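Analysis of the macromolecular model
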Amino acid sequence: MALDKLVGQSKLKSRMAASLLNSSGHAFLFTGPHNIGKNTFAKELAKGFLCSSPTSNGGCDNCDNCRYFNAGTHPDFVELGVDASKNIKVDEIRDSIIEDEIIAPHASEHKVYLINADLLNNEGQNALLKSIEEPPHNVIFIFTVADKLKLLPTVISRCEELKVELYSEDEIVKALKADSDKVKDVSDSKINFLSVFAAGIIGNAFDLLSDEEFDNLRVTVMKLMIDLPEDGYTKLLYDDYHFFEENKEKADVILLLILWFLGDVALLLKDSEAMVKNADKKDELLGFIKRHPNLTLSKIGNCADRINEFKKNAAVNANYECAVGNLLIKMNKELK
């Protein structure tokens, strides 16, 4: 894959191209949220440095070096931190990098080390410092990290930062539609919904595209909110509460879906023709508004405030059962 096959990130691509064509820099740090595609761009940069004839579009994809890389067999490429559940051990750094970097490249003019710095502790970073400061002339280090603040200032200062920016909704739609196998049976309304829900993080949209659990969760949340004004205390504190309890690890997603529901209701209260995020559920939302003529923007705003209160309580480890119960009861009163 060449750089022009990747959607968006024009500034990032320009900087990568300049580094490849000028053979400038020996340490690069890709930053950006989890799942935004840092590793994809980092690997394109790695391939470009290993390529026999790199261009402004990255690796040529025709030389032996590119073929080795694409096959996952390049002898001059080392990646640490592939298993995101395990921290990178100092022994791995010594064996895979410190003892290896002094050996001349086998096939390319460079040796490239790609490191998931989210999995590096301070000891591991310190073990790499000398290599980053005074690497052999043919060695390239590429790091990826979601939270730059977890890195030592001495590591950051020796790297050229390459930031992966949030994607626009249009760019995410374009990327999803480009994957014809995954979207062949997916409606445009769902693709548009995912492009918004992903909040600029392209990997989230692809993960949700084939996530049946998310689809079911969204349907359940929509039904819970539509039924909530008529629910009695027994249902609120049993069925509705148990839904939150059973999906406790997905609480952030549930709360976001509820906020989107409330936001769409607020828009439709002002204008029944308004464009909403849950476009495929618009008829259900309009029906909800029609059945509850006492709904006001103020009441919707109060519900949103209750959700923010719940988040604050959760952040300080308040009793989860009480917090959920209070949230449901308060929203029930506002929406009646």
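This text goes with the structure placed above it.
What this report covers is the structure whose coordinates are included nearby. (Residues numbered from 1 in each chain as written. Predicted model: local features only at pLDDT ≥ 70, side-chain atom pairs only at ≥ 80, totals over all residues. Heavy atoms only, no water.)

**Notes on the state of the cysteines**
Every disulfide links exactly two cysteines, by a covalent bond between their sulfur atoms. Applying the stated criterion across every chain, the model contains zero disulfides. Free cysteine: Cys66, not disulfide-bonded; nearest cysteine sulfur from Cys51 at 3.7 Å. For Cys66, a relative accessible area of 0% corresponds to the buried category. There is no disulfide at Cys303, and the cysteine sulfur nearest it, in Cys322, is 20 Å away. Using a relative accessible area of 0% as the deciding quantity, one classes Cys303 as buried. (Disulfide = S-S within 2.5 Å. Buried < 20%, exposed > 50% of the residue type's maximum accessible area, 1.4 Å probe, protein only.)

**Side note on the packing of aromatic side chains**
Considering all chains together, one arrives at twelve aromatic pairs under this definition. Look at Phe261 and Phe288: their rings are 5.2 Å apart centre to centre, the planes differ by 70 degrees, and that puts the pair in the edge-to-face class. With a gap of 27 residues between them, Phe261 in helix H13 (residues 251-270) and Phe288 in helix H14 (residues 282-291) connect regions that are remote in the sequence. For Phe261, a relative accessible area of 2% puts it in the buried group. Measuring from centroid to centroid gives 6.1 Å for Phe310 and Tyr320, while their planes differ by 65 degrees, and the two rings are edge-to-face. Note that Phe310 is positioned in helix H15 (residues 297-315) and Tyr320 in helix H16 (residues 320-335), a separation of ten residues in sequence. With relative accessibility at 4%, the residue Phe310 sits in the buried group. Three or more aromatic residues joined by ring pairs make a cluster, and in this case those are Phe193, Phe197, Phe214 and Trp260. The ring of Phe193 has Arg218 sitting right over it, with the charged end atom 3.6 Å from the ring centre. (Phe/Tyr/Trp six-rings, centres within 6.5 Å; stacked < 30°, edge-to-face > 60°. Helix = DSSP H or I, 4+ residues; strand = E, 2+ residues; numbered from the N terminus. Lys NZ or Arg CZ within 6 Å of the ring centre and 35° of its normal.)

**Here's the deal with the sheet that holds strand S5 (residues 160-163)**
The five strands are arranged S2-S3-S4-S1-S5 in an open sheet whose pairing can be described as parallel. Across the chains shown, the open sheet's two edge strands, defined by having one partner strand only, are strand S2 (77-80) and S5. The average angle at which neighbouring strand axes cross in this sheet is 20 degrees, direction not considered. Examined bridge by bridge, strand S1 (residues 27-31) and strand S4 (residues 139-145) share five bridges and lie parallel to one another. Bridging across to S4, Ala27 finds its partner in Phe141. Across the sheet, helix H2 (residues 38-50) lies against S1, S2, strand S3 (111-116), S4 and S5, angled at about 175 degrees from S4, the strand it touches most. (Pairing = 2+ DSSP bridges. Axes fitted to C-alpha atoms, helices over the stretch in contact; angles between N-to-C directions. Contact = heavy atoms within 4.5 Å.)

Distances and angles like these do not, on their own, reveal function.
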